[in-house]
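# Report on the structure
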Amino acid sequence: MIRFEGVGKQYPGGNEALRGLDLHIEPGEMVFVTGPSGAGKSTFLRLIPLLERPSRGRVLIDGADLGGLPGHRIPYLRRRVGMIFQDHRLLDDRNVFDNVALPLIIAGRGRDDIGRRVRAALDKVGLLHKEHASPVTLSGGEQQRVGIARAVVTRPPILIADEPTGNLDPALSQEIMQLFEQFNQVGVTTVIASHDLSLIESLGYRRIHLEAGRLAWG
Amino acid sequence: MGLMAAMKRGLELHRRAARESLEQWRQRPVANGLTTAVIGIALALPAGFFILTDNLQAVSANWQGAPKASVFLVPGAPTASHEATARAVEGMDAITAVELIRPDEALEAFEKAAGMSETLAMLETNPLPAVVVGEIRQGLASADIDRLTGRLAALPDVDEVQVDREWLQRLNAVVAMVDRISLLIASTLALAVVLVVGNTIRLDIENRRAAIEISKLIGGTDAFVRRPFLYTGLWYGAAGGLLALFILMIGLLAMAGPARELAALYDGIQPPGGPGLSSALTIIGSGLALGLAGAWLAVGRHLAEIEPR
Ligand SMILES: Nc1ncnc2c1ncn2[C@@H]1O[C@H](COP(=O)(O)OP(=O)(O)OP(=O)(O)O)[C@@H](O)[C@H]1O
Ligand SMILES: [Mg+2]
């Protein structure tokens, strides 16, 4: 599903975030990405929806080399990769419903279709009763769940999350991880960068460990 | 995805961008009011000039329709001479019709038109001469008109001959000048409208930076991100165009009285026309086009800079 072949990433300014990364994530797999701060976890994740382009090597999604993807096709790649961020990236001037609806609006879906899918996604993350609330009135865990609902509302085949539990207490973190497990169980390839080693160990999925831009093990 | 489904989605995207941009646009009445006022004035001014030149052109066209030679007889010429001159003028090849205005008729008309009856009543004798007005055949060359003028002036008892040709030439020159000035003003103000809309939308883009980033992050195409701002440009153009029409109506209403009097003094000229349906549509259309152009300018320059983090 996701294949990295000799991928290097050098940021403008000389920072070498990745130094020759080879790995493969199978369709439907659930994978954690770990490593010390600055190891290149975020960079690795950002290469998948082409938020960054690799400096060397190839990234392939479903066998297709992203290096050959013209700029105007990138939005369609991103629609197939649900993204979740530590800081949620919600729009504070729109309510929960509208935030979750955004990917459907972008895809040009009709009103009824949008209403049905948004409510289904909010139901799945347990926030159906908050659809009219503003994100700023929600707790950190609730905001993260809105972010997850937005990422899955279009049923993308791939889900990537960069420290989705970074600001949450252990109980909430566990809840969020269970949500990811549920999506993974219906076939979504899920890649999560996290520092929460004890939680990751307890879940028992494959772990990709990066150090200084290289694959240490996994 | 079938063609119908694709079209349906495209339509839905436009419908939504139009509606949302209109909603957001209405949420900022003061800033919008100011920008709209600038656009309205900038459209109304050249439109007013064009209406003016239109009317002036109509006046000159009317005159061109029947160029006239006014043959003034010497004051106190005998009545028999009036008739004789009229017949002589009528007999000329280049003249198609003749009207004799006797001194008392001229005085009466003058009193009525200029409202100067008291002043004229103080005069003991009628100072006005008889005039023979001959309509000149159309399409006469300048040299032929010169020859005609010479022959008319040579008739007995003729004091002076006036052909309204010079007047017309002057009027045409003025019209051409006003037309050119209107064009200059129009293009300068069109540029101003584009820049004003462009700047307003640039600020708009800056304010909505977070939303733009997130849209791009989750798969919004450039067209999707661009669309609401282009619609905003259209709303500005439409509002500015409507305001310009309103300003023009008020202006024409204010001009109506004096213009009618002027038209009455110059016999045979229509009172000035307002903006007809086609001019109204032109004004609104210009507003829309300039608003869209301003939006394109802002969007092209500032939207590409915003890349998702
Ligand atoms: N936009 C950028 N410009 C320049 N250098 C960058 C940029 N983003 C990351 N880096 C550098 O690349 C390296 C890897 O960064 P990255 O964010 O991928 O690490 P990380 O493993 O996610 O770290 P953390 O656990 O702290 O989030 C770091 O040295 C970082 O300073
Ligand atoms: Mg990181």
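Whatever comes next refers back to the structure up there.
Bear in mind the structure is a predicted one, so any value in this text is a computation, not a measurement.

Okay, the overall build of chain B next. What chain B contains, in helices and strands, is ten helices and four strands. Order of helices (α) and strands (β) in chain B, N terminus to C terminus: α-α-β-α-β-α-α-β-α-β-α-α-α-α. Principal axes of the C-alpha set define a box for chain B whose edges measure 100 × 45 × 30 Å. For chain B, with 309 residues in total, the buried portion stands at 39%. Counting contacts in chain B only where the partners sit at least 6 residues apart, residues at least 24 apart contribute 83% of the total. A total of about 17400 Å² of accessible surface is found on chain B, and carbon and sulfur atoms cover 63% of it. Charge separation in chain B, taken as the distance between the mean sites of 26 positive and 31 negative side-chain charges, equals 20 Å.

Residue and element names in this part refer to chain A. Taken together, the six strands give an open sheet; going across it, the order is E6-E7-E8-E3-E9-E10, and neighbouring strands pair in mixed fashion. The open sheet has two free edges, formed respectively by strand E6 (81-85) and strand E10 (214-217), since each of these has just one partner strand. Taken pair by pair, the neighbouring strands of this sheet meet at an average axis angle of 25°, ignoring direction. Relative to strand E8 (residues 189-193), strand E3 (residues 30-34) runs parallel, the two being bridged by four bridges. Paired with Val 31 across the strands is Val 191, a residue of E8. Along the sheet face, helix H6 (residues 170-185) touches E3, E6, strand E7 (158-162) and E8 and points at about 140° away from the line of E3.

Here we take up the nonpolar core. Counting residues in hydrophobic clusters, the biggest one holds 107 residues, and the most contacted among them are Phe 4, Phe 44 and Phe 180 of chain A. Sort the elements by how many residues they give to this core and helix H9 (residues 222-265) of chain B lands first, with nine residues. Every residue in contact with Phe 44 of chain A, bar those within four places of it in the chain, is listed here: Phe 4, Leu 18, Leu 21, Leu 23, Ile 25, Val 33, Val 191 and Leu 210 of chain A. Leu 73, Val 89, Leu 100 and Val 132 of chain B belong to the second largest nonpolar core, which has 21 residues in total.

Calculation criteria
- Residues numbered from 1 in each chain as written.
- Chains lettered and ligands numbered in written order.
- Predicted model: local features only at pLDDT ≥ 70, side-chain atom pairs only at ≥ 80, totals over all residues.
- Heavy atoms only, no water.
- Helix = DSSP H or I, 4+ residues; strand = E, 2+ residues; numbered from the N terminus.
- Buried < 20%, exposed > 50% of the residue type's maximum accessible area, 1.4 Å probe, protein only.
- Contact = heavy atoms within 4.5 Å.
- Areas by Shrake-Rupley, 256 points an atom, 1.4 Å probe, with all protein chains shown as cover.
- Lys, Arg positive; Asp, Glu negative; His and termini not counted.
- Charge placed at Lys NZ, Arg CZ, Asp CG, Glu CD.
- Pairing = 2+ DSSP bridges.
- Axes fitted to C-alpha atoms, helices over the stretch in contact; angles between N-to-C directions.
- Core = buried A, V, L, I, M, F, W, Y, C linked by side-chain atoms within 4.5 Å.

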